[in-house]
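Single-letter residue listing:
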Amino acid sequence: MSKPPNSSDYHTNFKDDDIQIIVELLQKMMNRNYAPVHYYENDILSIVQKMKEHQYPSHITHLLSSILSLKRPPTTHPHHHYHHPHSHHSHHSHHFTSTSTNNNNNNNNNNNNNNNNNNNKNDDEKSITSLPVISDPSVFTALQLWDFNQFIFTDLELLSLTKFMFQYFELLTTYQITESLFDQFLLQIKYNYYNNSYHNILHAFDVTQTAFCFLTRGKMRALLNTDDIFVLLISCLCHDLGHCGVNNAYLIATDSELSYVHNDKSVLENHHCNVLFAICKDYPIFAQMEGVKRRIFRKRIIDCIMNTDMAVHNTYHIPRLRRLRDAHHVFRLDNEEDRMVLVETLVHLADLANTAKPFHLSKIWADRVTKEFFNQGSLEKEMGFELKPNMDAARTTCVCFFFFFKFNSLILY
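What you see is a predicted model, and the numbers here were worked out from it, not measured in a lab. (Residues numbered from 1 in each chain as written. Predicted model: local features only at pLDDT ≥ 70, side-chain atom pairs only at ≥ 80, totals over all residues. Heavy atoms only, no water.)

In this section: the overall build of the chain. Scanning the chain from N- to C-terminus turns up 18 helices and zero strands. Looking at the chain residue by residue over its 413 residues, the buried ones come to 52%. Pairs at least 24 apart in sequence give 80% of the contacts found in the chain among residues at least 6 apart. (Helix = DSSP H or I, 4+ residues; strand = E, 2+ residues; numbered from the N terminus. Buried < 20%, exposed > 50% of the residue type's maximum accessible area, 1.4 Å probe, protein only. Contact = heavy atoms within 4.5 Å.)

All chains considered together, the criterion is met by 20 aromatic pairs. One aromatic cluster in this structure is built from Phe166, Tyr175, Phe182, Phe185, Phe230, Phe277, Phe286 and Phe297. Over the ring of phenylalanine 277 we find arginine 298, and its NZ or CZ is 4.7 Å from the ring centre. (Phe/Tyr/Trp six-rings, centres within 6.5 Å; stacked < 30°, edge-to-face > 60°. Lys NZ or Arg CZ within 6 Å of the ring centre and 35° of its normal.)

Below, the discussion takes up the nonpolar core. Phe185, Phe230 and Leu276 are the most contacted members of the largest nonpolar core, which has 78 residues in total. Residues contacting leucine 276, with those up to four places away along its chain left out, are Phe185, Ile234, Cys238, Leu241, Ile301 and Ile305. Grouped together as the second largest cluster of nonpolar side chains are nine residues, Tyr194, Val246, Val267 and Leu268 included. (Core = buried A, V, L, I, M, F, W, Y, C linked by side-chain atoms within 4.5 Å.)

Bringing the pattern of salt bridges into the picture now. Scanning the entire structure with this criterion turns up ten salt bridges. We note a salt bridge from lysine 163 to glutamate 179, for which the minimum N-O separation is 3.0 Å. Taken together, the positions of lysine 163 in helix α6 (residues 155-168) and glutamate 179 in helix α8 (residues 179-191) put the pair 16 residues apart, joining distant regions of the chain. Exposure remark for lysine 163: the relative accessible area of 10% places this residue in the buried category. Taking the shortest distance from any N to any O, the salt bridge between lysine 163 and aspartate 183 comes out at 3.0 Å. Residue lysine 163 is found in helix α6, and its partner aspartate 183 is found in helix α8; the two are separated by 20 residues along the sequence. Both residues of the pair, lysine 163 and aspartate 183, count as buried. Bridged by salt links that share partners, the residues Lys163, Glu179 and Asp183 form one connected network. (Salt bridge = Lys/Arg side-chain N within 4 Å of Asp/Glu carboxyl O.)

What follows is about unusual backbone geometry. Of note in the backbone geometry, aspartate 255 takes a positive phi value of approximately 55° without being a glycine. Positive phi outside glycine occurs at aspartate 264, with the angle close to 65°. As for its placement among the helices and strands, aspartate 264 is situated in the loop between α12 (257-261) and α13 (267-282).

Right, let's talk about empty space enclosed by the protein for a bit. On inspection of all chains with the given rule, the structure shows two cavities of 30 Å³ or more. Put simply, the second largest cavity is a space of about 30 Å³. Forming the boundary of the second largest cavity are Phe148, Gln150, Phe151, Asp206, Lys357, Leu361 and Trp365. Counted by class, the lining of the second largest cavity contains four nonpolar, one polar and two charged residues. (1 Å grid on protein atoms, 1.4 Å probe; cavity = no way out; pocket = protein on both sides within 12 Å on 5 of 7 lines; lining within 4 Å. Points joined across faces, edges and corners; volume = space filled by probe spheres on them. Nonpolar A, V, L, I, M, F, W, Y, C, P; charged D, E, K, R; others polar.)

We now examine the confidence of the model for the chain. Mean pLDDT over the chain works out to 75, with 65% of the residues at or above the 70 mark. The spread of mean pLDDT over the elements of the chain runs between helix α3 (residues 61-71), the lowest at 42, and helix α10 (residues 226-238), the highest at 98. A low-confidence stretch, residues 58-123 stays under pLDDT 50, and its non-local contacts, those more than four residues away or across chains, total 158 contacts. When the criterion is pLDDT under 50, residues 409-413 qualifies, and its contacts beyond four places in sequence or with other chains add up to twelve contacts. (pLDDT = per-residue confidence, 0-100.)

As a further point, take the environment of asparagine 195. Positionally, asparagine 195 belongs in the loop between α8 and α9 (201-216). Taking relative accessible area as the criterion, asparagine 195 reaches 26% and is therefore assigned partly exposed. Spatially, the C-alpha atoms of asparagine 195 and glycine 245 are 8.7 Å apart, while their sequence positions differ by 50 residues.

Attention now moves to the packing of α6 against α9. A pair of packed helices is characterised by two quantities: the angle between their axes and the separation of those axes. Across the interface, α6 lies against α9 with an axial gap of 11 Å and an inter-helix angle of 30°. What the angle tells us is that α6 and α9 run roughly parallel. Note that α6 runs across α9; the crossing there is left-handed. Here Asp155, Leu158, Leu159, Leu161, Thr162, Phe164, Met165 and Tyr168 of α6 come into contact with α9, specifically with Ile201, Leu202, Phe205, Thr208, Gln209, Phe212 and Thr216. (Axes fitted to C-alpha atoms, helices over the stretch in contact; angles between N-to-C directions. Parallel < 35°, antiparallel > 145°, perpendicular 65-115°, else oblique. Left-handed = near helix turned anticlockwise from the far one by under 90°.)

On to the environment of valine 275. Position of valine 275 relative to the elements: it lies in helix α13. Taking C-alpha positions, valine 275 is 10.0 Å from histidine 239, a pair spaced 36 residues apart along the chain.

The end-to-end C-alpha distance of helix α17 (residues 359-382) is 34 Å, a good match for the 34 Å that 24 residues give at a rise of 1.5 Å each. Once α17 ends, the next one or two residues include glycine 384, with phi positive near 80°. (Expected span 1.5 Å × (residues − 1).)

Encoded structure:
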């Protein structure tokens, strides 16, 4: 990092007040990237240290502008950002030679490896134009299983498996999507999931694979048409795009830019939709649909993603499901509203399904969501907010989380 012009005129010593000003400015700047500040803690410390070394003053407009240009990757879409700024590529690759059911003893190690290696990207990945070829056919069968273990695969291998799920229902052929375009679309999806402990590309894959299980082993395929399945899988894959590791309440309470953009209404869910369709402008997987059908698809996907907001669970999902269960109501395959209720419900269930998975998998997810909640709790504590028990590491343990989620899974499933 070079000094700005006329650095000899600047102060030679830093004061605590100067550091505080710098950190506050960086916090405001990073908030415009839609990610909580704790993602950038190491960067802030590094920047401050370099400022000390180069004897920068507290008025650092030039430096902040430079940092901002590095932190915000170029994109033509103002309200979402391709590629997370803290991406690092996985240095470990797994071959498609194992199924999901015989790796219980290695799950904890796999989980730790994935904390460091998954959801990551380096400069080498920028040149990737295609996904790994799957060589082990047993993996395809394993994809239909409830206990599929995704933690033994790299991110790129998971994208290949995702593509298989779409090809299984001949969706690329039906909607005239080339494999090269779909590969690039999937890579952009991966790049736009942040390196959170829970809301990341692993969770996106898990939700998609769970829906695939519903469709195949769960026989839901018989109740849906091809359009429904495409909407279902895209919604599952993209339902948390751009998630910044904190919840809607936090974004609203901290007056984040996202909460202003979306008027405090399902802030994250609106953002996920925004990011998805911004990506689709550059990677137009819906391009071969005629205008009316494309708009219908867009509306249905938006409805699915918006209704993953737990705030609408009791007011939206429950009344609709009760209507379907009503003795006087007959589910009709030719009734789009009935099928859409089913599609939205499957997305919602798949989103929450890891709590109902076998212990060796659901515990990994409990660990991950606990870590993410506690990270938010740390931010809230610094701001003087009153912490909810699930955000407070001093009052709640992962074990409490695990049994709480298991209890809820009994109700849901």
